[in-house]
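Listed below are the residues making up each chain.
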Amino acid sequence: MEKCHPQSPCSSVCTCKGLKEVAVKHLSLVFFSSDSPELGPSGYMENSVSYSAIEDVQPLSWENAPKYCLQLTIPGGTVLLQKKIYKYKKVLSNPSRWEVVLKEIRTLVDMALTSPLQDDSINQAPLEIVSKLLSENTNLTTQEHESIIVAIAPLLENNHPPPDLCEFFCKHCRERPRSMVVIEVFTPVVQRILKHNMDFGKCPRLRLFTQEYILALNELNAGMEVVKKFIQSMHGPTGHCPHPRVLPNLVAVCLAAIYSCYEEFINSRDNSPSLKEIRNGCQQPCDRKPTLPLRLLHPSPDLVSQEATLSEPRLKSVVVASSEVHVEVERTSTAKPALTASTGNDSEPNLIDCLMVSPACGTMSIELGPQAGRTLGCHVEILKLLSDYDDWRPSLASLLQPIPFPKEALAHEKFTKELKYVIQRFAEDPRQEVHSCLLSVRAGKDGWFQLYSPGGVACDDDGELFASMVHILMGSCYKTKKFLLSLAENKLGPCMLLALRGNQTMAEILCLMLEYNIIDNNDTQLQIISTLESTDVGKRMYEQLCDRQRELKELQRKGGPTRLTLPSKSTDADLARLLSSGSFGNLENLSLAFTNVTSACAEHLIKLPSLKQLNLWSTQFGDAGLRLLSEHLTMLQVLNLCETPVTDAGLLALSSMKSLCSLNMNSTKLSADTYEDLKAKLPNLKEVDVRYTEAW
């Protein structure tokens, strides 16, 4: 560009006479007044422009603007060239003294801000130049880093940082979280990202930078208070946030951060259990001994079918023999499935059922490192803050309905305990578009309602949240037979327990189940009636129901149930309240397994004259209760004491219960001498389990 073209309309225009093409990449940024096939919409030209295609060249100048712009008229449009950018690119590609470099960066930023060619690329080019400069010079001091960040700050107010610059910003947030640069420079940048970003999938480093910025705020002295004020600034002072992209962008950042906390566990999930296995008690290595099924060497005819099912390959056999009973214990490679009789089954349970149910094993153990723990706590707290805004809650519920968290997070008690606040906010919201998101998105897939209800993997209470969710769902369009059928199939036990404790919503649920004829089993219907009559509110509702359906009253007059299963976590008071509510003279089978009952409930059990089968597995029922039972329940045939605190002092009293034919003393403090004494004094004993005791 040493000479002017002779045909140029202006002799001051610098062009090269022998040059056939204009190498636009050496000229800088371009802006079009109309489309041209050779050129892109903005930025550097995608193709060179032939010299012969140039129809006119004019120098352009604006007031208070750099005088380095050329206007080229070509077929199909007008091109504006700004040559000065290339100068800075060349200077900054070979830095010598950093004070000079910093001065050039400031001049470059001023030029970009004052240029009349206000296209996105005008501001992006300096950011890309600085980004490359930083990536190629990794030995800069912290002070030099901060000086460069402050210098380019004006460009960041209206432009997203390029990926490499985001990486540099992330590093600065991690290494210098308390730097004023984070507050003064990065805050408006992150605010712009949250307000205007449309898809983090296309620019994941913007999401990572936002995450690191939030974590840096959390490292300040005020901690979450600073984060809370930032969230408030993003929402705005009014009741409705004016920026529709803020909420989904914040949720995306939180989900990515929470996922990263469990990445170590997720990467090794090939052998990890499914969420269903976690919920039901996964078969992970634990302190408990393996389940060992029993096989009778001399079975009675009615137990032959049971023996046939126990055909697993034998690893080791132990024979316990006496003149009355011969039992062979087999070690197997896999645990036998639990043989339990459901509440709604009319068939009589086999006597060996109480011996065969395997104890639930420990669930996954999730322990996060200190940094992952801080990251998790910060971003779960943000989700809690988001759920406090009425205008954000419907969208937040919709975004979280498919449960976007990994199963490792759902198996982590700390995470589910903190997230419970968000679910509670959904359950309290009267709007259908919010609380309907508690349910699963499709049949067969768990939703928040399933995860946080009793028996769910996230439940850590006695059903308070469950009652709250059922109340709000039943108060809207979900007061349907389909919803009641689902509760009867999966959550009948918790419903009865809460009704037994006076919960009005649960009493209403049980009445509706009777009214809509949801429950077919007579014993279960009678148990529901007894539950309702145990409280004032339930009794009133049931009487109103009987006025409408007299056949329910007739059902009750026929006598109480023959079988009864108390819901897990029931207490002595719950049992006493239930048994005092109606007639249980016909009760033959009572299961208190996995409840919180103690020996104190024995005074109520001895008032059941027809009781033949009693399951006390994994309760706190002790010696005092056994002695009382042995004095009154002489007709008892099946007794399960597995994993109870009973000792020889109480077990010796069982010798007076001559009708016992099935006795489970697995994992008790039974001694060998007491076992021999019981065998000698219980002539009808056919099935016995003494595993994991001194007698084994």
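Conventions adopted
- Residues numbered from 1 in each chain as written.
- Predicted model: local features only at pLDDT ≥ 70, side-chain atom pairs only at ≥ 80, totals over all residues.
- Heavy atoms only, no water.
- Helix = DSSP H or I, 4+ residues; strand = E, 2+ residues; numbered from the N terminus.
- Contact = heavy atoms within 4.5 Å.
- Areas by Shrake-Rupley, 256 points an atom, 1.4 Å probe, with all protein chains shown as cover.
- Buried < 20%, exposed > 50% of the residue type's maximum accessible area, 1.4 Å probe, protein only.
- Lys, Arg positive; Asp, Glu negative; His and termini not counted.
- Salt bridge = Lys/Arg side-chain N within 4 Å of Asp/Glu carboxyl O.
- Polar contact = N/O pair within 3.5 Å; in protein donor to acceptor, adjacent residues only side chain to side chain.
- Phe/Tyr/Trp six-rings, centres within 6.5 Å; stacked < 30°, edge-to-face > 60°.
- Lys NZ or Arg CZ within 6 Å of the ring centre and 35° of its normal.
- Core = buried A, V, L, I, M, F, W, Y, C linked by side-chain atoms within 4.5 Å.
- Expected span 1.5 Å × (residues − 1).
- Arc of directions from axis to C-beta.
- Pairing = 2+ DSSP bridges.
- Axes fitted to C-alpha atoms, helices over the stretch in contact; angles between N-to-C directions.
- Left-handed = near helix turned anticlockwise from the far one by under 90°.
- Parallel < 35°, antiparallel > 145°, perpendicular 65-115°, else oblique.
- Nonpolar A, V, L, I, M, F, W, Y, C, P; charged D, E, K, R; others polar.
- pLDDT = per-residue confidence, 0-100.

**Details of the overall build of the protein chain**
Here is step 1 of the chain: Counting its secondary structure elements, the protein chain contains 31 helices and 16 strands.
Here is step 2 of the chain: In the protein chain, of all internal contacts separated by at least 6 residues, the share reaching a separation of at least 24 is 67%.
Here is step 3 of the chain: A total accessible area of about 32600 Å² is found for the protein chain, and carbon and sulfur atoms account for 49% of it.

**Observations regarding the side chain of Asp391**
Here is step 1 of the chain: Note that Asp391 resides in the loop between α14 (370-387) and α15 (393-400).
Here is step 2 of the chain: No salt bridge is formed by the buried Asp391. Its closest oppositely charged neighbour is Arg431, at 7.5 Å.
Here is step 3 of the chain: Among the polar contacts listed, one links the side chain of Asp391 to the backbone nitrogen of Cys241, at a separation of 2.8 Å.
Here is step 4 of the chain: When sequence neighbours within four positions are dropped, the list of residues in contact with Asp391 reads His235, Gly239, His240 and Cys241.

**A short note on helix α27 (residues 572-579)**
Here is step 1 of the chain: Buried residues dominate α27, accounting for six of its eight residues.
Here is step 2 of the chain: The complete set of buried residues in α27 reads Asp572, Asp574, Leu575, Ala576, Leu578 and Leu579.
Here is step 3 of the chain: As for α27, its buried residues are in contact with α22 (492-500), α24 (522-533), β11 (563-565) and α28 (602-605).

**Structural notes on the pattern of salt bridges**
Here is step 1 of the chain: Scanning the model with the defined rule gives 19 salt bridges in all.
Here is step 2 of the chain: Between Asp460 and Lys420 there is a salt bridge whose closest N-O contact spans 2.9 Å. Residue Asp460 is found in the loop between α19 (448-452) and α20 (464-474), and its partner Lys420 is found in helix α17 (residues 413-428); the two are separated by 40 residues along the sequence.
Here is step 3 of the chain: Looking at Lys420, the relative accessible area reads 17%, which means it is buried.

**Looking at the packing of aromatic side chains**
Here is step 1 of the chain: Evaluation of the coordinates by the stated rule reveals 14 aromatic pairs.
Here is step 2 of the chain: Relative to Tyr452, the ring of Trp448 has its centre 6.1 Å away and its plane inclined at 40°; by these criteria the two rings are tilted. Pair noted here: Trp448 and Tyr452 are both in helix α19, with a separation of four residues, about one helical turn.
Here is step 3 of the chain: By relative accessible area, Trp448 is classed as buried at 0%.
Here is step 4 of the chain: In this structure an aromatic cluster arises from ring pairing among Tyr262, Phe405, Phe415, Trp448 and Tyr452.
Here is step 5 of the chain: Its end group placed over the ring of Tyr421, Lys384 keeps NZ or CZ at 5.7 Å from the ring centre.

**Remarks on the nonpolar core**
Here is step 1 of the chain: Judged by nonpolar contacts, the single largest core of 125 residues is most densely connected at Tyr262 and Trp448.
Here is step 2 of the chain: What Trp448 contacts, discounting residues up to four positions off in sequence, is Leu400, Gln401, Ile403, Phe405, Leu410, Leu419, Ile423, Cys437, Leu438 and Met469.
Here is step 3 of the chain: In this structure, Leu575, Leu608, Leu626 and Val690 belong to the second largest nonpolar core, which totals 40 residues.

**Some words on helix α8 (residues 224-235)**
Here is step 1 of the chain: With 12 residues, α8 ought to run about 16 Å at 1.5 Å a step, and its terminal C-alpha atoms sit 16 Å apart, in line with that.
Here is step 2 of the chain: Residues of α8 that are buried include every one of Val227, Phe230, Ile231, Met234 and His235, and no others. With its buried residues spanning 140° around the axis, α8 presents them on a single face.
Here is step 3 of the chain: On its buried face, α8 is in contact with α6 (180-196), α7 (204-218), α9 (246-261) and α14.

**Considering the sheet that holds β11**
Here is step 1 of the chain: Reading across from one edge, β11-β12-β13-β14-β15-β16 is the order of the six strands in this open sheet, with parallel pairing throughout. Of all the strands in the sheet, just β11 and β16 (687-689) have a single pairing partner and so form its edges. If you compare each strand with its neighbour and ignore which way they point, the axes differ by 5° on average.

**Structural notes on the packing of helix α23 (residues 504-515) against α24**
Here is step 1 of the chain: Remark: α23 packs on α24, axes separated minimally by 10 Å, with the N-to-C direction vectors making an angle of 145°. Remark: the crossing between α23 and α24 carries left-handed chirality. Across the interface between the two elements, Ala507, Leu510, Cys511 and Leu514 of α23 pack against Gln525, Ile528, Ile529, Thr531 and Leu532 of α24.

**Some words on the packing of α9 against α14**
Here is step 1 of the chain: Contact geometry of α9 with α14 gives a least axis separation of 9 Å together with a crossing angle of 150°. Of the possible angle classes, the one that applies to α9 and α14 is roughly antiparallel. Remark: the crossing between α9 and α14 carries left-handed chirality. Of α14, the residues touching α9 (which contributes Leu247, Leu250, Val251, Val253, Cys254, Ala257, Ile258 and Cys261) are Ala372, Thr375, Leu376, His379, Val380, Ile382, Leu383 and Leu386.
Here is step 2 of the chain: Each residue belonging to the contact of α9 with α14 can be placed in one class, and the counts come to 14 nonpolar, two polar and no charged.

**Brief notes about the environment of Thr531**
Here is step 1 of the chain: Mapped onto the secondary structure, Thr531 falls in helix α24.
Here is step 2 of the chain: Once the C-alpha coordinates of Thr531 and Ala507 are considered, the two residues, 24 residues apart in sequence, prove to be 8.5 Å apart.
Here is step 3 of the chain: Those residues within four positions of Thr531 in sequence are excluded, and the remaining contacts are Met496, Ala499, Leu500, Leu510 and Leu578.
Here is step 4 of the chain: Within polar-contact distance, the side chain of Thr531 engages the backbone oxygen of Gln527 at 2.8 Å.

**Digging into unusual backbone geometry**
Here is step 1 of the chain: Its identity is not glycine, yet Lys569 carries a phi of approximately 75°, on the positive side.
Here is step 2 of the chain: Looking at the element boundaries, Lys569 is found in the loop between β11 and α27.
Here is step 3 of the chain: Residue Lys569 is classed as partly exposed on the basis of its relative accessible area, which comes to 34%.
Here is step 4 of the chain: In the Ramachandran plot, Ser667 falls in the positive-phi region, its phi being about 60° despite a non-glycine side chain.
Here is step 5 of the chain: Note that Ser667 resides in the loop between β15 (662-664) and α31 (672-681).

**Considerations on the confidence of the model for the protein chain**
Here is step 1 of the chain: Chain-level statistics for the protein chain give a pLDDT mean of 77 and a share of 72% at 70 or above.
Here is step 2 of the chain: Predicted confidence is poor over residues 1-42, with pLDDT under 50, and the contacts of this stretch with residues over four places away or in other chains come to 98 contacts.
Here is step 3 of the chain: Ignoring residues within four places in sequence, the model shows residues 275-363, a span with pLDDT below 50, making 170 contacts including any to other chains.

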